[in-house]
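Listed here are the chains, written in short residue letters.
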Amino acid sequence: MTTEGLYGAVDLGGSHIGLALGFVDVDAGNYRLVARRNLEGGGYDGWEPMLDRIAEGLLELQREVGRRPAAVGVGCPGWVDLEAGVTRFLPNLPGQWRDVPVARLLGARLETPVRLLNDVRAATLGEFRFGAGRGVSTMALFALGTGIGGGVVIEGRLRLGPLGSAGELGHQIVDPTGPLCGCGNRGCLEAVASGPAIGGTGVRLLRSGQAPILQKIAGGDTEKVNAETMGEAARAGDEAVTKELERIAGLVGIAAANVVVTLHPELIVLGGGVAGLGDLLFDGVRQTIRERVRVFPTDDVRVEPAALGTDAGLAGVLAWAASGGGAGLDGDRNHG
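A brief structural summary. (Residues numbered from 1 in each chain as written. Predicted model: local features only at pLDDT ≥ 70, side-chain atom pairs only at ≥ 80, totals over all residues. Heavy atoms only, no water.)

Looking at the overall build of the protein
Inference 1: A count of helices and strands for the protein gives 10 helices and 12 strands.
Inference 2: For the protein, the spread of C-alpha atoms along the principal axes amounts to about 60 × 45 × 35 Å.
Inference 3: Within the protein, the fraction of its 336 residues that count as buried is 55%.
Inference 4: In the protein, the share of contacts with a sequence separation of at least 24, taken over all contacts with a separation of at least 6, comes to 62%.
Inference 5: Of the roughly 14600 Å² that the protein leaves accessible, carbon and sulfur atoms contribute 48%.
Inference 6: Side-chain charges of the protein comprise 31 positive and 39 negative groups, with the mean position of each set lying 1 Å from the other. (Helix = DSSP H or I, 4+ residues; strand = E, 2+ residues; numbered from the N terminus. Buried < 20%, exposed > 50% of the residue type's maximum accessible area, 1.4 Å probe, protein only. Contact = heavy atoms within 4.5 Å. Areas by Shrake-Rupley, 256 points an atom, 1.4 Å probe, with all protein chains shown as cover. Lys, Arg positive; Asp, Glu negative; His and termini not counted. Charge placed at Lys NZ, Arg CZ, Asp CG, Glu CD.)

Given below as structure tokens:
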């Protein structure tokens, strides 16, 4: 059955909120944004004013297009109750949006169904349906940024699990004695390979005098030390920085190898700001998969960059809305 029509999308973030309307044909693997807008995030005045701004922004887009969307998908940075349409815990938003009935409140303002999904699972769905994952059956996505999120598609279905939280790839342990993670565990991938973790490593090298090129690039300003400037320093020949990035790529590779052994996917997608390291990251991940997966050949497992960039989340929630909130997307769920 072809699912085609106009749908709405919200990519809810701490610093900004992306809104869009777009035409979607999930079966054909096509989407086309026809109107979009970015709102300032923050939400320090509470979730109610933020929902008001989102509703008004979508209504303005609706007036611009001259048509009401059949449904709206909302990507949320945290744990959401998919069945109830309620945010349970969004740790990076003020107040953490505990038990907010977003689908009901926003749906009433828009007079259309609203369907929630975790934002990185949405990006995974976007890449699978419209981006790097087109044509594959099983894939995993690592979103490497301020935090590390993930998602998995198994035999054509977005795997969500009973709480909608399956695919938290950033919280697998890759270093049992590693640093404390924000989730309370030690040695999670997020604690050692996220943007802040990489930046912290660079600051240590800079302050200890081991990274003269990074020192020059940053002008001695530790606020300018991040994955991007470390990549620049490594390419310019900063040996200590290069070794640290190789170590970090190896840790991402261990996480990817764990996924390969578990699922044997056709594709591992790396997205987010840290993926901007390019070959400094990808070569190490590919090498680590080859070295660490010994139980079967991995020549058929590709490791590729995300294709949709920052639009992956919007594309994913468009597909989520168009599919009826997950009908036919996850074997454990049947949202009508």
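Read on, since the account is not over.
Concerning the pattern of salt bridges
Inference 1: Applying the stated rule across the entire model yields 13 salt bridges.
Inference 2: Between Asp-52 and Arg-109 there is a salt bridge whose closest N-O contact spans 3.1 Å. Of this pair, Asp-52 sits in helix α1 (residues 47–65) while Arg-109 is found in helix α2 (residues 102–110), placing the two residues 57 residues apart along the sequence.
Inference 3: On the basis of relative accessible area, Asp-52 is assigned to the partly exposed category, the value being 42%.
Inference 4: A salt bridge links Asp-99 to Arg-88; its shortest N-O distance comes to 2.7 Å. (Salt bridge = Lys/Arg side-chain N within 4 Å of Asp/Glu carboxyl O.)

With respect to the packing of helix α3 (residues 119–130) against helix α10 (residues 312–322)
Inference 1: α10 packs onto α3 with a crossing angle of 80° between their chain directions and a minimal axis gap of 6 Å. As far as their axial angle goes, α10 and α3 are roughly perpendicular. Residues Ala-122, Ala-123, Leu-125, Gly-126, Glu-127, Arg-129 and Phe-130 of α3 lie in contact with α10, whose contacting residues are Ala-312, Gly-313, Ala-315, Gly-316, Val-317, Ala-319 and Trp-320.
Inference 2: For the contact of α3 with α10, the per-class residue count stands at nine nonpolar, three polar and two charged. (Axes fitted to C-alpha atoms, helices over the stretch in contact; angles between N-to-C directions. Parallel < 35°, antiparallel > 145°, perpendicular 65-115°, else oblique. Nonpolar A, V, L, I, M, F, W, Y, C, P; charged D, E, K, R; others polar.)

Observations regarding the packing of α1 against α2
Inference 1: One way to put it is that α1 packs onto α2 with a least axis distance of 10 Å and a crossing angle of 40°. One finds that α1 runs oblique with respect to α2. Once α1 is placed against α2, the crossing between them reads as right-handed. Residue-level inspection shows Trp-47, Leu-51, Asp-52, Ile-54, Ala-55, Glu-56, Leu-58 and Leu-59 of α1 in contact with α2, the latter providing Val-102, Leu-105, Leu-106, Arg-109 and Leu-110. (Left-handed = near helix turned anticlockwise from the far one by under 90°.)

Describing the nonpolar core
Inference 1: Leu-12, Ile-54 and Trp-97 are the most contacted members of the largest nonpolar core, which totals 62 residues.
Inference 2: For this core, the element with the highest residue contribution is α10, accounting for nine residues.
Inference 3: The next biggest cluster of nonpolar side chains, apart from the first, holds 47 residues, and it includes Ala-193, Leu-281, Ile-289 and Val-301. (Core = buried A, V, L, I, M, F, W, Y, C linked by side-chain atoms within 4.5 Å.)

Considerations on the environment of Val-26
Inference 1: As for its placement among the helices and strands, Val-26 is situated in the loop between β2 (16–25) and β3 (30–40).
Inference 2: Residues Val-26 and Ile-217, 191 residues apart in the sequence, show an inter-C-alpha distance of 45 Å.

Some details on helix α9 (residues 279–292)
Inference 1: In this model α9 runs 19 Å from its N-terminal to its C-terminal C-alpha over 14 residues, within 8% of the 20 Å that 1.5 Å per residue would give.
Inference 2: Of all the residues in α9, the buried ones are Leu-281, Phe-282, Gly-284, Val-285, Thr-288 and Ile-289. One side of α9 holds all its buried residues, which, seen down the axis, span an arc of 170°. What points out from α9, more than 90 degrees from its buried face, is the exposed set Asp-279 and Arg-290. (Expected span 1.5 Å × (residues − 1). Arc of directions from axis to C-beta.)

So yeah, pure geometry; function would need other evidence.
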